[in-house]
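Breakdown of the fold
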Amino acid sequence: MFNRFFGQKAKEEATPTPTPENNQETAEDFPGAEQGFNPFKKSLSRTRQFFTRFGGTGEGVSVETPGVPATHVEPARPVPITDDTWDELEEALLLADVGPGTSGWLITRLRQRADNEQIRTTWQLNQALREEMGKLLKAAPLRFARQSPLTVILVIGVNGSGKTTSIGKMARRLTDEGHRVTLAAADTFRAAAIDQLKIWGERVGVPVISQGPGSDPGAVVYDAIQAATTRGSDVLIVDTAGRLHTKFNLMEELKKINKVVQKLLPEGPQELLMVVDATTGQNALLQARKFAEDIGLTGVIITKLDSTAKGGFAFSVADDLDVPIKIVGTGEKIEDLAPFDPQGFVAALFAQD
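The paragraphs below set out a description of the structure included in this document. (Residues numbered from 1 in each chain as written. Predicted model: local features only at pLDDT ≥ 70, side-chain atom pairs only at ≥ 80, totals over all residues. Heavy atoms only, no water.)

**Digging into the pattern of salt bridges**
Opposite charge on two side chains permits pairing when their charged atoms draw close. Enumeration over the complete set of coordinates arrives at 13 salt bridges. Across the salt bridge formed by Glu 117 and Arg 113, the nearest N and O atoms sit 3.0 Å from each other. Between Asp 277 and Lys 304 there is a salt bridge; the shortest N-O distance is 3.1 Å. Taken together, the positions of Asp 277 in strand E7 (residues 271-277) and Lys 304 in the loop between strand E8 (299-303) and helix H13 (313-321) put the pair 27 residues apart, joining distant regions of the chain. The class for Lys 304 is partly exposed, based on a relative accessible area of 33%. A single network of salt bridges, built from pairs that share partners, joins Arg 109, Arg 113, Glu 117, Glu 131, Glu 132 and Lys 135. (Salt bridge = Lys/Arg side-chain N within 4 Å of Asp/Glu carboxyl O. Helix = DSSP H or I, 4+ residues; strand = E, 2+ residues; numbered from the N terminus. Buried < 20%, exposed > 50% of the residue type's maximum accessible area, 1.4 Å probe, protein only.)

Structure representation (C-alpha cells):
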C-alpha cells in the first residue's frame with residue numbers, strides 16, 4: 001500500500017498466497033519450530049473454546065488414515081449444516097472478537113462456497129472456515145535496508161499498548177539473530193517512557209540514545225542515527241508517538257522525524273509499525289484505523305495475545321487495516337515475541353487440547 005503520510009511506496013514483499021493445501025497445516029507442523037510446538041496454541045486457549053463446535057471431527061467415528069491429522073479426515077457419520085449451524089458460527093466469531101464486519105464477511109463468503117461447492121456437512125464447513133480465515137490473515141517479515149548500512153524502524157502506539165515492551169523484546173530477538181541494535185527514546189512527552197526504554201536497553205544489552213523529557217523528538221532521532229552509525233549498528237528502533245491519535249502535534253512530530261531520517265538516510269525509514277493491544281479488542285482497532293488512514297502503516301505488532309485475549313482480533317486487524325501483521329507478543333516473558341505465521345495461528349485456533 002502507499003504510505004500516504006510519508007509519501008513513499010512500500011517495497012513489494014513476497015507473501016505466499018494461502019491455499020487449501022498449505023492451510024491444512026496442524027499445530028504439530030508449525031514451520032520453523034521444534035516438533036510439536038506452536039507458540040500460538042497456549043495463547044489462543046480462550047479463543048479456541050468458541051470454535052469447539054467447528055474445531056475437530058466430533059461427528060461419529062472417523063476413518064483413520066496413517067499420517068493424516070484427525071481434523072482433516074471426514075467422519076463416517078457426518079452432521080448436516082442447519083440454520084442453527086450458521087447462527088452458532090456467527091456467535092462463535094463474534095465471541096472470539098473477530099468483529100461484526102469481518103464476521104459478516106466470513107459468513108457471506110462461506111454461504112457462497114456452500115452453494116457453489118455443495119458443502120453440506122459441518123466437517124466440510126470447518127475445512128472451508130479454516131481456509132477462509134487463513135486467507136484473511138496477512139504476514140510479512142521485517143524489512144531491512146537494501147543499500148543503507150542502517151535500517152530504521154519507527155514504532156508508534158497509544159500509551160499502555162505494550163509499545164516499549166515490544167521494542168525491548170524486538171531488540172532482544174534481533175540481537176539474538178546477529179544484528180547490532182540501537183534504541184532511540186523519541187517518545188519525550190512522558191519521562192516514564194524514556195526511563196522504561198532505558199531499563200529495557202540495559203536488560204537486553206543494547207544502547208539507548210535519549211535526551212531529557214520534553215526534548216525535540218527529531219533531535220533525538222538525529223542523535224540516534226549519528227550514534228548508531230558511529231557504533232556500527234545496523235538497526236535503529238525508534239520509540240515514539242505515545243499519545244492518542246486526536247493529538248495534532250503527534251502527527252507533526254512524526255512528519256519531522258521522517259524528514260530527519262530521510263535527510264540522513266534517504267532509503268529510510270524501512271518500517272512504520274503500530275502496536276495494538278489485543279486485550280482491548282475492537283477499541284484498539286478504531287485507534288489503529290485512524291492511524292492507518294492519516295499516516296499509513298507498513299505493519300502491525302499485536303501485543304498481549306495471551307490466554308486473556310481473544311485471538312479473533314487478529315482477523316479484524318488484517319481485514320480492516322489491510323496491512324500485514326509483522327510480530328505478535330504471546331506472553332510476558334522476554335522471549336514471548338515471534339514473527340506472525342498465519343498457518344500456525346489458524347492451526348492453533350482449531351487445535352485439539
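Here the narrative resumes.
**So, the packing of aromatic side chains**
In total, this model carries two aromatic pairs according to the counting rule given. Where Phe 315 meets Phe 345, the ring centres are 5.7 Å apart and the plane angle is 65°; that geometry is what we call edge-to-face. Placement of the pair is Phe 315 in helix H13 and Phe 345 in helix H14 (residues 342-349), with a sequence separation of 30 residues. Phe 345 shares its class with Phe 315; the two are buried. (Phe/Tyr/Trp six-rings, centres within 6.5 Å; stacked < 30°, edge-to-face > 60°.)

**Focus on the packing of helix H6 (residues 100-116) against helix H7 (residues 122-136)**
In a pair of packed helices, the angle between the axes and the distance between the axes together describe the arrangement. Orientation of H6 relative to H7, taken along the N-to-C sense of each, is 130°, at an axis distance of 10 Å. Taken together, H6 and H7 sit at an angle that is classed as oblique. Crossing geometry of H6 relative to H7 is assigned as right-handed. Residues Thr 102, Trp 105, Leu 106, Arg 109, Leu 110 and Arg 113 of H6 pack against Leu 125, Ala 128, Leu 129, Glu 131, Glu 132, Met 133, Lys 135 and Leu 136 of H7. (Axes fitted to C-alpha atoms, helices over the stretch in contact; angles between N-to-C directions. Parallel < 35°, antiparallel > 145°, perpendicular 65-115°, else oblique. Left-handed = near helix turned anticlockwise from the far one by under 90°. Contact = heavy atoms within 4.5 Å.)

**Section: a negative patch on the surface**
Residues Asp 83, Asp 84, Asp 87, Glu 90 and Glu 91 make up a contiguous surface patch of negative charge. Its location among the elements puts Asp 84 in helix H5 (residues 83-95). (Patch = residues over 30% accessible without salt bridge, like charges linked within 9 Å, V, L, I, M, F, W, Y side chains within 5 Å. Areas by Shrake-Rupley, 256 points an atom, 1.4 Å probe, with all protein chains shown as cover. Lys, Arg positive; Asp, Glu negative; His and termini not counted. Charge placed at Lys NZ, Arg CZ, Asp CG, Glu CD.)

**As for the environment of His 179**
Secondary-structure assignment places His 179 in the loop between helix H8 (163-176) and strand E4 (181-185). His 179 sits 56 residues away from Val 235 along the chain, and the two C-alpha atoms are 6.9 Å apart. Dropping the residues within four chain positions of it, His 179 is found in contact with Phe 144, Leu 174, Asp 234 and Val 235. A polar contact is formed between the side chain of His 179 and the side chain of Asp 234, at a distance of 2.6 Å. (Polar contact = N/O pair within 3.5 Å; in protein donor to acceptor, adjacent residues only side chain to side chain.)

Geometry only, nothing functional implied.
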